[in-house]
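Each chain is listed here by its residues.
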Amino acid sequence: MQFDLRNILGDFVSIFFPKECACCGCALKYQEKYICIACDYHLPYTNFHLYSDNDTARQLWGKAPIEEACSFLLLQKGSRVEHLIYQIKYNNQPFLAEYFGYQYGLKLLESERYSELSAIVPIPLHASKLRKRGYNQSAYFGRGLARAMHIPLREDILVRQRPTMTQTGKDRLARYDNVEDVFVCKQLSVPVGEHVLLVDDVLTTGATIVSAALTLYESLGCKVSVATLARAR
Ligand SMILES: [Zn+2]
């Protein structure tokens, strides 16, 4: 059997530089990395990090003591962002979450509201789901944020102690019941009283974020702010 070196090299390169735009699926040009210029231009960036009174923050008001909250992108059905999230969660491309996390971290550095953070805490998956998927996309998003903001990523603080059933199809109240008391904090790694940034891939009802924020606040006395890659609307 003869090996074609070009094919092998091409496959090797494509692992690190996918040839399709993660948002629209078009063929990427040589200088484009992960997303095409058109998608980059048209992505619905929220700029929520520039003001406290935004839709993501408002959605969480009164449910948990959250200092600041923001989402990088708006997620609509059939949109570029939906395609992107699918690639991240279900098509084994978590590095896209890290890439967008890094871009968002650079933006958050411009806002003084996010200037006193001491750790990035991703929403954890339950161990069984982590085994099945092979990675936690929220941790990848957090890793990008951490790298841009020069803040440690702390995956050792929050633990999901039981798997949750899928949230899809549940009404708003049922979603809150479904994730109540689902998280615990590891007491060995306590940033008592510090300000942490809780991060997740997509904000839908906010039930998961609220549950995790309450756990951090009640167990560790943390100040908690929130950043998500996308916000469903
Ligand atoms: Zn594109």
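Shown above is the structure to which this text applies.
Only a predicted model underlies this, so the values are computations on that prediction, with no experimental measurement involved.

A.B. asks: Which residues make up the pattern of salt bridges, and what values do they have?
C.D. replies: Tallying each qualifying case throughout the model produces seven salt bridges. One salt bridge in this structure joins Asp 55 and Arg 58, with 3.3 Å as the shortest N-O distance. In this pair, Asp 55 and Arg 58 are both assigned in helix H3 (residues 55-60), three residues apart and thus about one turn of the helix distant. For Glu 98, the salt bridge is made with Arg 143, and the minimal N-O distance between the two is 3.8 Å. With a gap of 45 residues between them, Glu 98 in helix H5 (residues 95-108) and Arg 143 in helix H7 (residues 137-149) connect regions that are remote in the sequence. Glu 98 sits in the buried class, given a relative accessible area of 15%.

A.B. asks: An account of the coordination of the zinc ion is requested, with residue identities and associated values reported.
C.D. replies: For the zinc ion, every protein donor is listed as Cys 21 (SG), Cys 24 (SG), Cys 36 (SG) and Cys 39 (SG), and the spread of their distances is 2.3 Å. Coordination geometry of the zinc ion: the four donor atoms subtend angles of 104 to 115° at the metal centre, consistent with an arrangement described as tetrahedral. Written as a sequence motif, the donor arrangement for the zinc ion is C-x2-C-x11-C-x2-C. What makes Cys 21 buried here is its relative accessible area of 2%. Classification of Cys 24 by relative accessible area gives partly exposed; the value is 38%.

A.B. asks: Report on the nonpolar core, specifying residues and quantitative values.
C.D. replies: Counting residues in each nonpolar core, the largest one holds 37 residues, and the members touching the most others are Leu 73, Leu 145 and Leu 197. Among the secondary structure elements, those contributing two or more residues to this core are strand E1 (66-75), helix H4 (80-90), H5, H7, strand E5 (195-203) and strand E6 (223-232). For this core, the leading source of residues is H5, giving five residues. Each of domain 1 (1-42) and domain 2 (44-232) contributes no fewer than three residues to this core. Discounting chain neighbours no more than four positions away, the residues touching Leu 145 are Gly 101, Tyr 102, Tyr 104, Gly 105, Leu 108, Ile 120, Leu 197 and Val 199. Of all hydrophobic cores here, the second largest spans 25 residues; its members include Ile 157, Cys 185, Leu 216 and Val 224.

A.B. asks: Outline the packing of aromatic side chains, supporting the account with residue identities and numerical values.
C.D. replies: The full count for this structure, using the stated rule, is nine aromatic pairs. Relative to Tyr 99, the ring of Tyr 34 has its centre 5.0 Å away and its plane inclined at 75°; by these criteria the two rings are edge-to-face. Remark: Tyr 99 occurs in helix H5 and Tyr 34 occurs in the loop between helix H1 (5-16) and helix H2 (37-42); sequence separation between them is 65 residues. For the pair Tyr 135 and Tyr 140, a centre-to-centre distance of 6.1 Å together with 85° between the ring planes defines the contact as edge-to-face.

A.B. asks: Outline the sheet that holds E5, listing residues and values.
C.D. replies: Taken in spatial order, the four strands of this open sheet run E1-E6-E5-E2, and their pairing is parallel. Each edge of the open sheet carries a strand with a single partner, namely E1 and strand E2 (119-122). Mean inter-strand twist for the sheet, computed between neighbouring axes without regard to direction, equals 20°. Of the strand pairs in this sheet, E5 and E6 are connected by eight bridges, and their pairing is parallel. In the sheet register, His 195 faces E6, and the bridge partner there is Lys 223. Sitting on the sheet, H7 touches E2, E5 and E6, and the angle it makes with E5 is about 130°. Docked against the sheet, helix H9 (residues 207-220) engages E1, E5 and E6, running at close to 165° with respect to E5.

A.B. asks: Any chance you could break down the packing of H4 against H5 for me, citing the residues and the numbers?
C.D. replies: Following both chains from N to C, one finds H4 and H5 inclined at 125°, their axes separated by 8 Å at the closest point. One finds that H4 runs oblique with respect to H5. On H5, the residues that touch Leu 84, Gln 87 and Ile 88 of H4 are Leu 96, Ala 97 and Phe 100. Here the contact of H4 with H5 is built from residues that sort into five nonpolar, one polar and no charged.

A.B. asks: Describe unusual backbone geometry, listing the residues and the values that go with them.
C.D. replies: Of note, the phi angle at Tyr 34 is positive, near 75°, even though the residue is not glycine. The exposure class assigned to Tyr 34 is buried, which follows from its relative accessible area of 11%.

A.B. asks: Kindly report on the pairing of E5, identifying the contributing residues and their values.
C.D. replies: Within E5, nine of the nine residues are buried, which leaves the element mostly enclosed by the surrounding structure. Sheet topology places E2 next to E5; four bridges connect them, and they run parallel. Looking at E5, one finds that Val 121 is bridged to Leu 198. A crossover links E5 with its parallel partner E6, the connecting element being H9, and its sense is right-handed.

Rules behind the numbers
Residues numbered from 1 in each chain as written. Predicted model: local features only at pLDDT ≥ 70, side-chain atom pairs only at ≥ 80, totals over all residues. Heavy atoms only, no water. Salt bridge = Lys/Arg side-chain N within 4 Å of Asp/Glu carboxyl O. Helix = DSSP H or I, 4+ residues; strand = E, 2+ residues; numbered from the N terminus. Buried < 20%, exposed > 50% of the residue type's maximum accessible area, 1.4 Å probe, protein only. Donors = N, O, S within 2.8 Å, 3.2 Å for Na, K, Ca; no water. Tetrahedral: all angles 85-135°; square planar, octahedral: opposite > 155°, others 65-115°. Core = buried A, V, L, I, M, F, W, Y, C linked by side-chain atoms within 4.5 Å. Domains from an automatic or database assignment. Contact = heavy atoms within 4.5 Å. Phe/Tyr/Trp six-rings, centres within 6.5 Å; stacked < 30°, edge-to-face > 60°. Pairing = 2+ DSSP bridges. Axes fitted to C-alpha atoms, helices over the stretch in contact; angles between N-to-C directions. Parallel < 35°, antiparallel > 145°, perpendicular 65-115°, else oblique. Nonpolar A, V, L, I, M, F, W, Y, C, P; charged D, E, K, R; others polar. Right-handed = clockwise from strand over helix to strand, strands pointing away.

By themselves, these are just geometric observations and shouldn't be taken as functional.
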